[in-house]
Amino acid sequence: MPYTELLRLWNESVLAVDAKDWETALAKLKEIPEPTSRTHFNTASAHLALGQLDMALRSLDFTIAKDERLAVAFFQRAAVMMQIDRLEEALSDCIWAQKHMRENVVIDYRQLGLRYKLYSWQVLYNAAAVYCRMGEWEQAMDILLSATPDRGQGRGGNIEVALNSIEKREVLNPLLVPEGLVFRPRKQEIEQLQQRDFLGKAKVISSMIPNDDFGGFEPLRQQKPGFYEPKTDGAQESRYMRVRAPYMARGPGQLTVPGGSMVFLFGEEDRDGMINVIHDGQRGLLPVSLLEPANVKKSKNKTENRLPSGIPLPPELKPPSRPQTLPVSMAPPQVSPSTQTLPPSYNTATHAPPSASGPPRYTANTASNQAGSPQGAEVGSVVVKIHYIYNTALSVPLNTPYHELKERIAEKVGHSASQLRLRHKRHGSRVLLPLPEEAEAGHTVQEVAEAGRLTLWCQREDPLANRTILYQMVALYDYAAQGPEDIEFSEGDTIDILGEVNEEWLEGHCGGNIGIFPSCFAYRENSSIIQD
């Protein structure tokens, strides 16, 4: 049941109680499918007002079952028990009420919605009333005398009257929560039940359209990959202007604009021949004499005259919801190698696959052809650039084996070679590929160098020693971690895919860290990835 519906029925029952309409109050309370301890207490109060003691006792039983520490419910039930001569249970309820007072002299229930203060002496008074009905007058006298120090709180005069009644062997009447005092919902929550129009209706203050009486909002238009352009009709296209000559700001509020720039007219011409325009996200003044209308009409097949606003759109895919946390014993399912197509907003032309002939390699023949160049002294070596925590470089001979190169790099960065992992990129690809291991002999730097240069990515203490890399993906956008289990990466980073969490989230490795990320933030190149 919605909480708003509970509040509505609860409030309507309270209004009926205020009007002494007990039947309506009970009808509203019975409509609540899942009543709370406070609504059960209100039901008991309505039954007591109608003289239905058995029904009131049943509702108080439900109240205590919902809240076993509600002292006022035990106090009220003890009084009902006395009226139906269940004295032992009434005495037990008095003891429980005194226990849940927690040695407090008084409990104010206004914070819970009941405008009533329950005093400790009232609980002792009802206990004395039970002993009176049992005929144990001395015990009743002792109970009242123990309540004498607290008589200054609340109605202390009742204690003296009760002592006199016990001396005369007169039975005491039990104390009850006064009729009409019930638990009420918070006023602030009741006020929120009424619907409010916080926005109101839009009103046109100023418009370029004559006699414009538009009073609503333009409907949302579907966004397309690229840049957002507002819809303009022929009359409004003239608001785009081109600056015929460069202009240097000569006063406050003026803009410095290069010649040929596009600006948008923001206002009307003033007396000094200046006009408010927007250029490159800035608003300022330019002379009207330097502006000429720009041709912003677009043909069906050409977009060279397109005027983007400079606001890039977010990724086309809808942001995925976060995956549910899996138990530690359950490992994420592995991804079956499959080809992933590129998002439609990604320009595959900028990432064409390498030709069948492969990238040009730097060989001894090419080195001999460059012997006459100024760099002829270094034609037999390769400059290796290493991306580490910092960037560094070294020069090695062209026929240096991989394991010797790894030793040189380890000495350069100050770590053991067994702790380092080296990767490189093939020509025309953005995927990082690991170099062959030391055990594979016959591989030299010459195989991966290009034009006397080689760029390697170095990583220490690879956490993937016992993990399998299914394939690799390249980041399309920057991603900042949204939780401790996420990994962060930047546009263009290579991500090792270790498994699939669900259809929208993948587990990957990037920059020495393992975590999860949304799959729509990266794409898979059509390159064969080797096993780590």
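Above this text is the structure in question.
Along every chain, residues carry numbers that run from 1 in the direction the sequence is written. Local features in this predicted model are restricted to residues of pLDDT 70 or higher, and side-chain atom pairs are both shown and tallied only at a pLDDT of 80 or more, whereas totals for entire chains, interfaces and linings draw on every residue. To get the side-chain values, all heavy atoms of the structure are used, and hydrogens and water are removed first.

Any chance you could break down the overall build of the chain for me, citing the residues and the numbers?
Labels follow the DSSP assignment, with helices taken as runs of H or I lasting at least four residues and strands as runs of E lasting at least two, numbered in each case from the N terminus. The helix and strand inventory of the chain stands at 12 helices and 17 strands. Taken across its 532 residues, the chain has 38% of its residues classed as buried. Sequence-distant contacts, at least 24 apart, represent 59% of the contacts inside the chain between residues at least 6 apart. Surface exposure here means Shrake-Rupley accessible area, sampled with a 1.4 Å probe, where a residue is shielded only by the protein chains that are shown. If you sum the accessible surface of the chain, you get close to 32,300 Å²; carbon and sulfur atoms cover 50% of it. A 1.4 Å probe rolled over the protein chains alone gives each residue an accessible area, and that area as a share of the maximum for its type sets the label: buried under 20%, exposed over 50%, partly exposed in between. Pairs of residues are marked as contacts when any of their non-hydrogen atoms sit within 4.5 Å.

Outline the sheet that holds strand 15 (residues 505-510), listing residues and values.
One requirement defines pairing of two strands: DSSP has to find at least two bridges between them. With respect to topology, five strands assemble into an open sheet ordered 16-15-14-13-17, the strand pairing being antiparallel. Where the open sheet ends on each side, the last strands, each with one partner, are strand 16 (513-518) and strand 17 (522-523). Summarising the sheet, strand 13 (residues 471-475) and strand 17 pair through two bridges and their orientation is antiparallel. By the bridge assignment, Val-474 is partnered in strand 17 with Tyr-523.

Give a description of the pairing of strand 15 that names residues and reports values.
Burial analysis of strand 15 places six of its six residues in the buried class, the great majority of the element. Going residue by residue along strand 15, you find Trp-505, Glu-507 and His-509 tucked away on one face and Leu-506, Gly-508 and Cys-510 tucked away on the opposite face as well. Connecting the antiparallel pair strand 14 (residues 494-500) and strand 15 is a turn made up of four residues. With six bridges connecting them, strand 15 and strand 16 associate as antiparallel partners. Note that in strand 16 the partner of Gly-508 across the bridge is Gly-515.

If you had to explain the sheet that holds strand 3 (residues 240-243) to someone new, which residues and values would you point to?
Paired through backbone hydrogen bonds, the strands of a sheet run either parallel or antiparallel to each other. Taken in spatial order, the five strands of this open sheet run 6-5-4-3-7, and their pairing is antiparallel. For this open sheet the edge positions go to strand 6 (282-287) and strand 7 (291-293), each flanked by a neighbour on one side alone. If you compare each strand with its neighbour and ignore which way they point, the axes differ by 45 degrees on average. Note: strand 3 against strand 4 (residues 262-265), three bridges, orientation antiparallel. Only C-alpha atoms enter the line fits that serve as axes; for helices the fit covers just the stretch in contact. Angles between N-to-C directions range over 0 to 180 degrees.

Got a sec to walk through a nonpolar patch on the surface? Specific residues and values, please.
Side chains of Phe-264, Phe-266 and Ile-278 sit close together on the surface and give an oily, nonpolar patch of about 240 Å² of accessible area. Along the chain, the position of Phe-266 falls in the loop between strand 4 and strand 5 (274-279). You can call Phe-266 partly exposed: its relative accessible area is 42%. What goes into a patch is any residue over 30% in relative accessible area without a salt bridge, connected to like charges within 9 Å or, for nonpolar side chains (Val, Leu, Ile, Met, Phe, Trp, Tyr), within 5 Å. A pair is scored as a salt bridge if a Lys or Arg side-chain nitrogen falls within 4 Å of a carboxyl oxygen belonging to Asp or Glu.

I'd like a rundown of the packing of aromatic side chains, residues and numbers included.
The aromatic pairing rule takes the rings of Phe, Tyr and Trp, using the six-membered ring of Trp, and pairs them if the centres are within 6.5 Å, calling planes under 30 degrees apart stacked, those over 60 edge-to-face and the rest tilted. Enumeration according to the criterion identifies seven aromatic pairs in this entry. Arranged with centres 6.0 Å apart and planes meeting at 85 degrees, the rings of Tyr-477 and Phe-521 form a pair that is edge-to-face. Residue Tyr-477 is found in the loop between strand 13 and strand 14, and its partner Phe-521 is found in the loop between strand 16 and strand 17; the two are separated by 44 residues along the sequence. Taking 5.3 Å as the distance between ring centres and 65 degrees as the angle between the ring planes, the aromatic pair formed by Tyr-479 and Phe-521 counts as edge-to-face. Residue Tyr-479 is located in the loop between strand 13 and strand 14, and its partner Phe-521 is located in the loop between strand 16 and strand 17; the two are separated by 42 residues in the primary sequence.

Tell me about the environment of Val-288, and please be specific about residues and values.
Examined against the element boundaries, Val-288 turns out to sit in the loop between strand 6 and strand 7. For Val-288, a relative accessible area of 28% puts it in the partly exposed group. Counting along the chain gives 18 residues from Val-288 to Asp-270, while the straight-line C-alpha distance between them is 9.4 Å. Apart from residues no more than four positions distant in its own chain, Val-288 is found in contact with Glu-269, Gly-273, Met-274 and Ile-275.

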